[in-house]
Amino acid sequence: MVALGVLGWGDLALSGWFRFGAGIPLILIGNIVVWSAVAGFGVHKTGGAVGTLQTGGLYRFSRNPQHVADIAMVLGWMVLTAAPLAMLVGTSAIIVLAAAPFSEEPWLRSQYGSDFDQYVAQVRRFL
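Residues numbered from 1 in each chain as written. Predicted model: local features only at pLDDT ≥ 70, side-chain atom pairs only at ≥ 80, totals over all residues. Heavy atoms only, no water.

Concerning the packing of aromatic side chains
- The final tally for this structure, using the stated rule, is 3 aromatic pairs.
- A centroid spacing of 6.5 Å and a plane angle of 50 degrees characterise the contact between Phe 116 and Tyr 119, whose relative ring orientation is tilted. Here Phe 116 pairs with Tyr 119, and both are found in helix 5 (residues 84–122), just 3 residues apart, close to one helical turn. In this pair, the class of Phe 116 matches that of Tyr 119, namely buried.
- Members of the aromatic cluster, connected to one another through ring pairs, are Trp 9, Phe 20 and Trp 77. (Phe/Tyr/Trp six-rings, centres within 6.5 Å; stacked < 30°, edge-to-face > 60°. Helix = DSSP H or I, 4+ residues; strand = E, 2+ residues; numbered from the N terminus. Buried < 20%, exposed > 50% of the residue type's maximum accessible area, 1.4 Å probe, protein only.)

A closer look at the nonpolar core
- With 7 residues, the main nonpolar core is built from Ala 37, Phe 41, Tyr 59, Tyr 112, Phe 116, Tyr 119 and Val 123.
- Breaking this core down by element, the ones donating at least two residues are helix 2 (16–41) and helix 5. (Core = buried A, V, L, I, M, F, W, Y, C linked by side-chain atoms within 4.5 Å.)

Overview of the pattern of salt bridges
- The tally for this structure, following the rule as stated, stands at 3 salt bridges.
- In this structure, the salt-bridge partner of Glu 105 is Arg 63, at a minimum N-O distance of 2.9 Å. Taken together, the positions of Glu 105 in helix 5 and Arg 63 in the loop between helix 3 (43–46) and helix 4 (65–81) put the pair 42 residues apart, joining distant regions of the chain.
- With relative accessibility at 9%, the residue Glu 105 sits in the buried group.
- Using a relative accessible area of 11% as the deciding quantity, one classes Arg 63 as buried.
- Close ionic contact of Asp 117 with Arg 109 constitutes a salt bridge, the shortest N to O distance being 2.6 Å.
- For Arg 109, a relative accessible area of 35% translates into the label partly exposed. (Salt bridge = Lys/Arg side-chain N within 4 Å of Asp/Glu carboxyl O.)

As structure tokens, this is what we get:
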């Protein structure tokens, strides 16, 4: 998607103000959220290692802040580059990122049981 964005840079008629004014902040905020979540509980756990159920920090507001942030970064790149093929691939990536929690949640439920069920009842999936 990065290469497609560079190769098709500006091919769509989006204003520069919109592209840079929306694209860059989405990319930056997404990175800040992802890396602060990773720093909060470590690379191994963010990759799926078993540990304690994460409910603090950004996880108080969203069960999937990293997925939301990844979506923001992809969307930001799509807007910034205004490249048709990057938008096509980016849309596919967003669909995958939005669907990922539905496959992760059964595993989380099996690992954390009623603690996860209580967390689900209190915190929204995305925003």
